[in-house]
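Descriptive structure summary
Chain by chain, the residues run as shown.
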Amino acid sequence: MEAATTPALDVRADFPIFTREFDGRPLVYLDSAATSQKPAAVIEAMDDYYRRHNANVHRGVYALAQEATDLFEGARERIAAFAGGETATTIFTRNATEAINLVAYAWGREHVGPGDVVLITEMEHHSNIVPWQLLCQETGAELRYLGVSDDGRLSLDELDAELASGRVKLAAFAHISNVLGTINPVADMVARVRAAGALSLIDGSQGVPQLPVDVGALDADFYAWTGHKAVGPTGIGVLHGRREILEAMRPFLGGGDMIRTVGFQESTWNDLPWKFEAGTSMIAEGVGLGAAVDYLSGLGMERVRAHERELTRHALERLAGVEGLRVIGPAGAGDRGGVISFELAGIHPHDVAELLNRDGVCVRAGHHCAMPLMRRLGVPATARASFGPYNSREDADALVAALQHAREVFQI
Amino acid sequence: MDDLYRGYILDHYKRPRNFGELDPHDLEAHDHNPLCGDEMGVHIRVGEDGTITELRFHGQGCAISQAAASIASDEYVGMPAGDVAGLDGEWIIDLLGIPISATRRKCALLNLKVMRAAITGDASWPAGSG
């Protein structure tokens, strides 16, 4: 048993949505792995941008356009620093999915061919599966999977065995599983992939919101994440890439802003990161994500992690007392993020979510965009509770009470 | 008494009628609800006069989808197979007899979708699927 400690954070009041009630009940939001709630600081930064600073960025001569550019590019600097990346190699995308697609299209189509292997894992989100399926189908490469053990872990030995084929060109894997909660040994994995002469891509969609992340120290070739799961707005994701790879890559989307010169037949490309940012940028969203990382930096990601680990430990302990409940994934809270998938005997996950909703408890039910993992686990779907910095032990207790209530309704 | 999970709904969920497989069978279809991962298949026997004489459904799903399939299964038997094509979403929701919210309509209608696919080859959602 891990020692019980008091959760480190009490920041519910920073998030305006928690003033809402549903049928007179407070909102118990346990779906942060799908999207996080937003602190007032983020909402206000975007509102202020539109009210006082809105103009298109880059190339504007007038003062207002310079303000907008400074706000947007200033946000990029802080976002890069927050994740341990360089500003020039921190590329804005629409979301993590687009960041991964950028790599699959702009790097993959040039470097992956027949007989090559793209290696992923059975615990990936569809966003880190389907782009590689499309790449492999187009190029004749083979898509291979690292297995997931019954307790929700990857095997480094199996990774070594796959890499030993010498055919792996790129390995892509989640930092934290959005279903199992497993925190993968990504630094070890990146080192092994590099030693085998392949590139690595980490899907950090669940990692950046939950852990202190230093992409420079991790040294992956690509690290993708998304703003809206990290208390930021929707519509903005981030791709950190290794400079020499990004410089050698062809662009992803063509259009304005990503060019240096455009001739009648051909063009030359802008510097990093703008070479990969065609069209008008998500300016307000960049400003909003800048405010989000400021907010998270203010909390301290070590404290966010400690808070969510303690909540997860508490929730796992309480859930163990619910008859017929089976938690999926690693047993302890030590190498698990704030994500708990479970099955409740006799009640389908969809009904679990419906019944919990009546008690004001928001959880997700379904395949969580991980259908291959569901098949591997032999379950049609799971219910999933996930935590953010604003959650408390009371939220976990409300989950347990609502589950007991659900069992009563189903007369189990 | 719960509005949605009434006694008879839970009874059909826990003890579904006409559940399983049927071999040999004349018609079959299998489909899933991508929203929640529910899946359902049907095996149907049709008599010489074109009426459904026997059927079984199988798969896994929530209480609403399973109860809808179980309750409807008794209605299908004895029905001219061609009549199934004319059934719409309201038919099965009326049979269920519970308020079905927009988010649960596809749960309720999955069985009718699969039945229609088996009989007509049309795998689209029945009218009124929301």
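Residues numbered from 1 in each chain as written. Chains lettered and ligands numbered in written order. Predicted model: local features only at pLDDT ≥ 70, side-chain atom pairs only at ≥ 80, totals over all residues.

Describing the overall build of chain A
- A tally of regular secondary structure across chain A gives 13 helices and 17 strands.
- A compact globule built from 412 residues should have a C-alpha radius of gyration of about 22 Å, and chain A, at 22 Å, falls within 12% of that.
- Each principal axis of the C-alpha distribution contributes one length, and for chain A these read about 70 × 55 × 35 Å.
- Per-residue burial for chain A yields a buried fraction of 52% across its 412 residues.
- Here the contacts in chain A between residues at least 6 apart in sequence split such that 71% fall between residues at least 24 apart. (Helix = DSSP H or I, 4+ residues; strand = E, 2+ residues; numbered from the N terminus. Rg over C-alpha atoms; globule rule 2.2 N^0.38 Å. Buried ≥ 20, exposed ≤ 12 C-beta atoms within 10 Å, placed from the backbone. Contact = placed C-beta atoms within 7 Å.)

Here we look at the domain arrangement of chain A
Residue and element names in this part refer to chain A.
- The domain architecture assigned to chain A consists of domain 1 (12-30 + 301-409) and domain 2 (43-297).
- The C-alpha centroid of domain 2 is placed 28 Å from the C-alpha centroid of domain 1.
- Each partner contributes to the interface: domain 1 provides 25 residues, whereas domain 2 provides 23 residues.
- Listing elements by their share of the side of domain 1 that touches domain 2, those giving two or more residues are α10 (301-319), β14 (339-344), α12 (371-377) and β17 (382-386).
- Top element by residues in the side of domain 1 that touches domain 2 is α10. It accounts for 5 residues. (Domains from an automatic or database assignment.)

Here's the deal with the sheet that holds strand β1 (residues 27-33) of chain B
Residues and elements named next belong to chain B.
- Taken together, the 3 strands give an open sheet; going across it, the order is β1-β2-β3, and neighbouring strands pair in antiparallel fashion. Of all the strands in the sheet, just β1 and β3 (52-60) have a single pairing partner and so form its edges. Between one strand and the next, the sheet's axes are offset by a mean angle of 15°, whatever the strand orientation.
- Each of β2 (38-46) and β3 touches helix α2 (residues 63-76); the most contacted strand, β3, lies at about 175° to it.
- Sheet strands touched by helix α4 (residues 105-120): β1, β2 and β3. Its angle to β1, the strand with the most contacts, is close to 150°. (Pairing = 2+ DSSP bridges. Axes fitted to C-alpha atoms, helices over the stretch in contact; angles between N-to-C directions.)

Considering unusual backbone geometry
- Of note, the bond from L272(A) into P273(A) is cis; its omega dihedral lies within 30 degrees of zero at 0°.
- For P273(A), the location among the structural elements is in the loop between β12 (267-269) and α9 (283-299).
- The omega angle of the peptide bond from D23(B) to P24(B) is -5°, so this bond is cis rather than trans.
- By secondary structure assignment, the location of P24(B) is in the loop between α1 (7-14) and β1.
- The backbone of H368(A) shows a phi angle near 55°, a positive value even though the residue is not glycine.
- Positionally, H368(A) belongs in the loop between β16 (364-366) and α12.
- Judged by the 25 C-beta atoms lying within 10 Å of it, H368(A) is buried.
- Even without being a glycine, Q411(A) presents a positive backbone phi close to 55°.
- One can find Q411(A) in the segment after α13 (393-409).
- A residue is classified by how many C-beta atoms lie within 10 Å of it, and Q411(A), with 11 of them, is exposed.

A few points about the interface of chain B and chain A
- Between chain B and chain A, the residue contacts involve 13 residues of the former and 12 residues of the latter.
- Taken together, the residues of the side of chain B that touches chain A break down into 7 nonpolar, 3 polar and 3 charged. (Nonpolar A, V, L, I, M, F, W, Y, C, P; charged D, E, K, R; others polar.)

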